[in-house]
Amino acid sequence: MNETVLDARGLNCPLPVLKANRVLRTMQPGERLRILATDRASITDFQVFCRETGHALIAFTDENSVFCFTVKCRASAPANKSN
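Residues numbered from 1 in each chain as written. Predicted model: local features only at pLDDT ≥ 70, side-chain atom pairs only at ≥ 80, totals over all residues. Heavy atoms only, no water.

1. Some thoughts on the overall build of the protein chain
Of regular secondary structure, the protein chain possesses two helices and four strands. Listing each helix as α and each strand as β along the protein chain from the N terminus yields β-α-β-α-β-β. Relative to its full complement of 83 residues, the protein chain shows a buried share of 31%. Nonlocal contacts in the protein chain, meaning residues at least 24 apart in sequence, comprise 66% of its contacts between residues at least 6 apart. (Helix = DSSP H or I, 4+ residues; strand = E, 2+ residues; numbered from the N terminus. Buried < 20%, exposed > 50% of the residue type's maximum accessible area, 1.4 Å probe, protein only. Contact = heavy atoms within 4.5 Å.)

And the structure:
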């Protein structure tokens, strides 16, 4: 399966997640996005982002302070919550 790579190294919170969100909006369900980041806050940011948006965080590695996240694009848009 092809993977799109987003290099967000050197960017600080919230830019890695914002850029990833922009890319994910152009992807088909099931496609994978691999994000490279150096901001330690991105670890928590991507966990929360995936939990709230329905995308799946399927892998995470830390190699020499470069964090690599693999996110699988959600199958469909989450249902709108009504008040």
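2. Focus: the layout of surface pockets
Each pocket or cavity is described by its volume, and for the largest pocket that value is around 210 Å³. Around the largest pocket sit 13 residues that line it, and N21, L24, R25, H55 and R74 are the ones nearest its centre. Elements supplying a minimum of two residues to the lining of the largest pocket: α1 (15–24) and α2 (41–53). The residue inventory of the lining of the largest pocket, partitioned by class, reads seven nonpolar, four polar and two charged. (1 Å grid on protein atoms, 1.4 Å probe; cavity = no way out; pocket = protein on both sides within 12 Å on 5 of 7 lines; lining within 4 Å. Points joined across faces, edges and corners; volume = space filled by probe spheres on them. Nonpolar A, V, L, I, M, F, W, Y, C, P; charged D, E, K, R; others polar.)

3. Considering the packing of α1 against α2
One can describe the packing of α1 onto α2 by two numbers: an axis separation of 10 Å at closest approach and a directional angle of 35 degrees. Two packed elements cross with a definite hand, and for α1 against α2 that hand is right-handed. Residue-level inspection shows P16, V17, A20, N21 and L24 of α1 in contact with α2, the latter providing D45, F46 and F49. (Axes fitted to C-alpha atoms, helices over the stretch in contact; angles between N-to-C directions. Left-handed = near helix turned anticlockwise from the far one by under 90°.)

4. Remarks on the sheet that holds strand β1 (residues 3–8)
Within a sheet, neighbouring strands are paired by backbone hydrogen bonds and run either parallel or antiparallel to one another. Judged by pairing direction, the sheet is mixed, and its four strands sit side by side in the order β1-β2-β4-β3 without closing on themselves. The open sheet is flanked by β1 and β3 (56–63), the only strands paired with a single partner. With direction set aside, neighbouring strand axes in the sheet form an average angle of 15 degrees. By the bridge criterion, six bridges tie strand β2 (residues 32–37) to strand β4 (residues 66–72) in an arrangement that is antiparallel. Bridge pairing links I35 to F69 in β4. Here α2 sits on the sheet in contact with β2, β3 and β4, set at roughly 5 degrees to β4. (Pairing = 2+ DSSP bridges.)

5. Concerning the pattern of salt bridges
On inspection of all chains with the given rule, the structure shows two salt bridges. Across the pair R34 and E3 runs a salt bridge, and its minimum N-O distance is 3.3 Å. With R34 in strand β2 and E3 in strand β1, the pair connects residues that are 31 residues apart, well separated along the chain. Given a relative accessible area of 30%, R34 falls into the partly exposed group. The exposure class of E3 is partly exposed, given its relative accessible area of 37%. (Salt bridge = Lys/Arg side-chain N within 4 Å of Asp/Glu carboxyl O.)

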